[in-house]
Amino acid sequence: MRKYSTKKCLLFPLSLLSVLVNLLLISCAENKIYQCQKIILLTQKMAQESESYRRREDIKKVLQVADIFEETSQQMKKLKIEDEKLQEYQMGFADIYQGNADTTRQFVAALNDKDIDTAKLMQQQVQQLGKKEQEFGAKMKDYCQDN
């Protein structure tokens, strides 16, 4: 018959508790990573879908890009994100995509009206939104990689 010391018996439950706490912390980290991934996948999908329509001269195709931006904005808003900081990024991307949709439509309307000044202004706004999206993406990436 083996004798167990009291010290060994106490260490086992503490070791088990330590493992359980680590698993809990890992699952929380995965939760953050999973939430980051949901946003990233949607932004990548947006980029892929809109890329095929960019630099087109066909007004219908340009308006399809606006529709894609608006649809992605709505999808972004519907994502279930619990992390408060990620919610800020989520809503930021949704606003950027909605802004792109609106500005693209205004650009097309200005072209149809032969209002070159407004068309140029809308083009500048789209470029500014693109820069804002890149900056937002970089900040979110840093946040998602920070454990």
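### Observations regarding the state of the cysteines
- For the coordinates displayed, the defined rule picks out 1 disulfide.
- Here Cys36 engages in a disulfide with Cys144; their sulfurs sit 1.9 Å apart. Judged by the sign of its S-S torsion, about -95°, the cystine formed by Cys36 and Cys144 is left-handed. With Cys36 in helix α1 (residues 6-51) and Cys144 in helix α4 (residues 116-145), this pair connects stretches of sequence that are 108 residues apart.

### Concerning the confidence of the model for the protein chain
- Per-residue pLDDT for the protein chain has a mean of 82; in total, 76% of the residues score no lower than 70.
- Confidence, expressed as mean pLDDT per element, reaches its minimum in the protein chain at α1 with 66 and its maximum at helix α3 (residues 84-112) with 96.
- Scored below 50 in pLDDT, residues 6-27 makes 1 contact in the model with residues more than four places away or belonging to other chains.

### Section: the nonpolar core
- Judged by nonpolar contacts, the single largest core of 20 residues is most densely connected at Ile39, Phe69, Met76, Leu86, Phe93, Tyr97 and Met140.
- Of all the secondary-structure elements, those providing two or more residues to this core are α1, α2 (59-78), α3 and α4.
- The dominant element in this core, judged by the number of residues it contributes, is α3, at 7 residues.
- In this structure Met140 touches Cys36, Ile39, Ile40, Leu86, Tyr89 and Phe93, once residues within four positions along its chain are discounted.

What counts, and at which threshold
Residues numbered from 1 in each chain as written. Predicted model: local features only at pLDDT ≥ 70, side-chain atom pairs only at ≥ 80, totals over all residues. Heavy atoms only, no water. Disulfide = S-S within 2.5 Å. Helix = DSSP H or I, 4+ residues; strand = E, 2+ residues; numbered from the N terminus. pLDDT = per-residue confidence, 0-100. Contact = heavy atoms within 4.5 Å. Core = buried A, V, L, I, M, F, W, Y, C linked by side-chain atoms within 4.5 Å. Buried < 20%, exposed > 50% of the residue type's maximum accessible area, 1.4 Å probe, protein only.

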